[in-house]
Amino acid sequence: MEASSLQVIDAHVHVWDPAVLDYAWLADAPGLNKPFLPDGLPHRGASTTAAVFVQADCRDDQALKEVDWVTGLRAGWPELAGIVAFAAISRGDAVAADLGQLLERPLVRGVRQLFQDRDKSFMLHPATLAGARQVASAGLVFDACIRAPQLEALAEFAGLVPDLQIVLDHMGKPPIARGDQAMWRTGMREVARRPNVVVKISGAGAEADPNRPLAPQASPFVSETLDLFGAGRCMVGSDWPVSLTGQPAYQEWLTIMEQAMVGASDGERKSVLHGTATRVYQLQPPPRQPPTNQEKD
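Treat the numbers as computed from the prediction; the structure is a model and nothing was measured. In every chain, residue numbers begin from 1 and rise along the written sequence. Reporting of local features is limited, given that this is a predicted model, to residues whose pLDDT is at least 70; pairs of side-chain atoms are given and counted only at 80 or more, and all residues count toward the totals for whole chains, interfaces and linings. The side-chain figures draw on all heavy atoms in the structure; neither hydrogens nor water molecules are used.

## Overview of the confidence of the model for the chain
- Per-residue confidence from the predictor is reported as pLDDT, which spans 0 to 100. A residue-level look at the chain finds 94% of positions with pLDDT of 70 or above and a mean pLDDT of 93.
- Within the model, the stretch residues 286–297 combines pLDDT values under 50 with 12 contacts to residues more than four positions away or in other chains. We call two residues contacting when some pair of their heavy atoms lies within 4.5 Å.

## Notes on the side chain of S238
- Relative to the helices and strands, S238 resides in the loop between β8 (234–236) and α9 (247–260).
- Only protein chains enter the accessibility calculation, which uses a 1.4 Å probe. A residue is then buried if its area is under 20% of the maximum for its type, exposed if over 50%, and partly exposed in between. Overall, S238 belongs to the buried group, its relative accessible area being 2%.
- Side-chain atoms alone can form a polar contact between residues adjacent in sequence; in general such a contact is a pair of N or O atoms within 3.5 Å, and within protein one must be able to donate a hydrogen while the other accepts it. Here D10 takes part through its side chain, which lies 2.6 Å from a polar atom of the side chain of S238.
- At a separation of 3.1 Å, a polar atom in the side chain of S238 contacts the main-chain amide nitrogen of W240. The secondary structure listing takes helices from DSSP runs of H or I that are at least 4 residues long and strands from runs of E that are at least 2 residues long, numbered from the N terminus.

## Overview of the state of the cysteines
- The disulfide criterion used throughout: a pair of cysteine sulfur atoms within 2.5 Å. In this structure the tally under the stated criterion is zero disulfides.
- Free cysteine C58: the closest other cysteine sulfur is in C145, separated by 15 Å.
- What makes C145 buried here is its relative accessible area of 3%.

## Focus on the packing of aromatic side chains
- Think of it this way: a Phe, Tyr or Trp ring, Trp meaning its six-membered ring, pairs with another when their centres are within 6.5 Å, and the plane angle makes it stacked under 30 degrees, edge-to-face over 60, tilted otherwise. Counted according to the given criterion, the structure contains nine aromatic pairs.
- Look at W16 and F36: their rings are 5.5 Å apart centre to centre, the planes differ by 70°, and that puts the pair in the edge-to-face class. Placement of W16 in the loop between β1 (8–13) and β2 (48–54) and of F36 in the loop between β1 and β2 is noted, with a sequence separation of 20 residues between them.
- Here F115 and F142 contribute two aromatic rings whose centre-to-centre distance is 5.3 Å and whose plane-to-plane angle is 45°, an arrangement assigned as tilted. Remark: F142 occurs in strand β5 (residues 141–144) and F115 occurs in the loop between β4 (108–112) and α3 (120–123); sequence separation between them is 27 residues. Exposure class is identical for F115 and F142. Each is buried.
- One aromatic cluster is present, built from ring pairs that chain together W16, Y23, W25, F36 and W240.

## A short note on the packing of helix α8 (residues 214–229) against α9
- Only C-alpha atoms enter the line fits that serve as axes; for helices the fit covers just the stretch in contact. Angles between N-to-C directions range over 0 to 180 degrees. Where α8 contacts α9, the two axes come as close as 9 Å, and the packing angle between them is 45°. Classified by the angle their axes make, α8 and α9 are oblique. Crossing angle aside, the handedness with which α8 passes α9 is right-handed. Taking contact as the criterion, the partners of L214, A215, A218, S219, V222, S223 and L226 in α8 are, on α9, E252, W253, I256, M257 and A260.
- Residues are sorted three ways: Asp, Glu, Lys and Arg are charged, Ala, Val, Leu, Ile, Met, Phe, Trp, Tyr, Cys and Pro are nonpolar, and all the rest, Gly among them, are polar. The residue inventory of the contact of α8 with α9, partitioned by class, reads nine nonpolar, two polar and one charged. Throughout, the term roughly parallel applies to angles under 35 degrees, roughly antiparallel to angles over 145, roughly perpendicular to angles from 65 to 115, and oblique to all others. Left-handed is the label given to a crossing in which the near helix is rotated counterclockwise from the far helix by less than a right angle, and right-handed is the label when the rotation is clockwise.

## Re the pattern of salt bridges
- We define a salt bridge as a side-chain nitrogen of Lys or Arg found within 4 Å of a carboxyl oxygen belonging to Asp or Glu. Applying the stated criterion across every chain yields a total of 15 salt bridges.
- The partner of D98 in a salt bridge is R91, and the shortest N-O contact between them spans 2.4 Å.
- By relative accessible area, D98 is classed as partly exposed at 26%.
- In this structure, R193 and E190 form a salt bridge, with 2.3 Å as the shortest nitrogen-oxygen distance.
- Residue classification places R193 among the exposed positions, given a relative accessible area of 52%.
- Each member of the salt-bridge network shares a partner with another, and the members are R112, D143, D169 and K200.

## With respect to the nonpolar core
- Side-chain atoms within 4.5 Å are what join buried Ala, Val, Leu, Ile, Met, Phe, Trp, Tyr and Cys residues into a set we call a nonpolar core. In this structure, W77, I83, F142, F157, L168, F229 and W253 are the most contacted members of the largest nonpolar core, which totals 85 residues.
- No other element matches α8, which puts seven residues into this core.
- In this structure, I83 is in contact with F53, V67, V70, T71, L107, V108, R109 and G110, ignoring residues within four places of it in sequence.
- By size, the runner-up hydrophobic cluster in this structure holds 15 residues, among which are V84, V198, M235 and Y281.

Okay, structure coming up:
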């Protein structure tokens, strides 16, 4: 199957405009410290039928403004199917009021508060767990963005909130540039034992060595993730523009995904490329592709 013929939901994209909202982290990322808007997304011509926007870590008190701003872009961004908004679950039960406001925005499907570089005690604090239970009660998904050394803590977190649907972003940010799978694999195995966790195969570009080809670096981690979680618990994301920019890089990422699924059934490929994201984020299913000549025959 050619990458260009794939039917894809990109489950992890960012857009931002520093003139609209405040992103403190961009000061340390000069290559990203400029507007990235939907007209720059590489989806067109790539059979990407839908996309999920994930909060871009603007100022915490701008969370609702970010959702409203992104929603306002939809007129020129028909692929936008869902939003993962910011919510400070570490506030405990008090986050319920924030979730109530988010639920008034029909595109919101989940929330995220960055866990990466946070101590285990933050993730497992009673207030954080209480906030996580509020997310579950609201029927929303929680995106977990962590680094590889935090995987075992996330597995513990997931076990303490079994009713919460968790999406592990970016394969847990493995050490792709070093090619060291051992510690990462151990943590991923623990997370995979938690049935309430699914994983985004995304973010590889940000963890790889930019001076070497991506495919040889990322493919072992992609294949291992598929093996550990199974197709029904994996979805694909680009992490645009943090992990890739431009159409060629996006096409390369889709090709890496397809090569990792050689030997998989058609149903398994569909799960990874759009089915899991559709189910977990409760998206509208992508429209059916027109039949090929062979299918017509």
